Amino acid sequence: ISFFGRRNAGKSSVVNAVTGQSLSIVSDVKGTTTDPVQKAMELLPLGPVVIIDTPGIDDEGAIGKLRVEKTYNILAKTDMAVLVIDNFIGPSREDMDLMNLFRERRVPFLVVLNKVDLDMEALTENSSEAESAYSFPYIRVSALTGQGIAELKEKLAEMAKPLDQDKQLISDKLKEGDLVILVTPIDASAPK
């Protein structure tokens, strides 16, 4: 599951809220995530996943272009994508282009409008009309307060179900009466 979006949309904060860990560094400074950050873990109700936090798709300059290139390279190994958009700012051209790319490559995706905890009066004035015109489904969350994070996990689990239908790990290699031993690694960095 890869998390995409512009710089300072809150991708890393959403990743940390979803995982319940300080997986990614969070800062007000644009471009804090300079390289993709990956973590294999158990994410309930999904099960075992690899979470990938990516640099912003709007990074600038020579080094910024390399970061954006790395972000787009992550898409090749993405089974599900989460596009994080700053709720107060709304979707940009880069966000819309990314959604079109997800559709073109048939990558299931979910749009997350983050930072719903901001000043609600100003938020309503600036975004309620625009939101009603959005041509994509979205979930409103606050990585800061945790609002909507449980719903986000549930939606990811719903998206994963169709992905699993064609995948068989070992069921075609077992027959009745075979002995199977399952080994489950413990995530040492998970909260106690």
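Our structure's up above, just so we're on the same page.
The sections below set out a description of the structure shown in this document. (Residues numbered from 1 in each chain as written. Predicted model: local features only at pLDDT ≥ 70, side-chain atom pairs only at ≥ 80, totals over all residues. Heavy atoms only, no water.)

Looking only at helices and strands, one finds five helices and six strands in the protein. When the elements of the protein are put in sequence order from the N terminus, they spell out β-α-β-β-α-β-α-β-α-β-α. Within the span of the protein, comprising 192 residues, buried residues form 41% of the whole. Here the protein displays about 11400 Å² of accessible surface, and carbon together with sulfur accounts for 53% of that area. (Helix = DSSP H or I, 4+ residues; strand = E, 2+ residues; numbered from the N terminus. Buried < 20%, exposed > 50% of the residue type's maximum accessible area, 1.4 Å probe, protein only. Areas by Shrake-Rupley, 256 points an atom, 1.4 Å probe, with all protein chains shown as cover.)

Among the nonpolar cores identified, the biggest contains 23 residues, and Ile1, Phe3, Val14, Ile51 and Leu156 are the most heavily contacted of them. Mapped onto this core, the elements with two or more residues apiece are α1 (11-19), β2 (37-43), β3 (47-53), β4 (81-86), β5 (109-114) and α5 (149-164). If you tally residues by element for this core, the top one is α5, at five residues. If sequence neighbours within four positions are ignored, Ile1 has contacts with Leu43, Leu46, Val49, Val50, Ile51, Ile52, Met80, Val82 and Leu156. Ranked by size, the runner-up nonpolar core spans 18 residues in total, among them Leu75, Ala81, Ile85 and Tyr134. (Core = buried A, V, L, I, M, F, W, Y, C linked by side-chain atoms within 4.5 Å. Contact = heavy atoms within 4.5 Å.)

The six strands lie next to each other as β2-β3-β1-β4-β5-β6, forming an open sheet whose pairing is mixed. Since the sheet does not close on itself, it has two edges, and those belong to β2 and β6 (138-140), each with one partner. Ignoring strand direction, the axes of neighbouring strands in this sheet form an average angle of 30°. As defined by bridge partners, β4 adjoins β5 across six bridges and the pair is classed as parallel. Counted as the bridge partner of Asp86 is Asn114 from β5. Running at roughly 155° to strand β1 (residues 2-5), α1 makes contact with β1, β2, β3, β4 and β5 of the sheet. (Pairing = 2+ DSSP bridges. Axes fitted to C-alpha atoms, helices over the stretch in contact; angles between N-to-C directions.)

So, about unusual backbone geometry. If you check the backbone angles, Arg106 has positive phi at about 60° while not being a glycine. Note on placement: Arg106 falls in the loop between α3 (93-104) and β5. Phi is positive for Lys115, close to 75°, though the residue is something other than glycine. Looking at where Lys115 falls in the secondary structure, it is placed in the loop between β5 and α4 (120-132).

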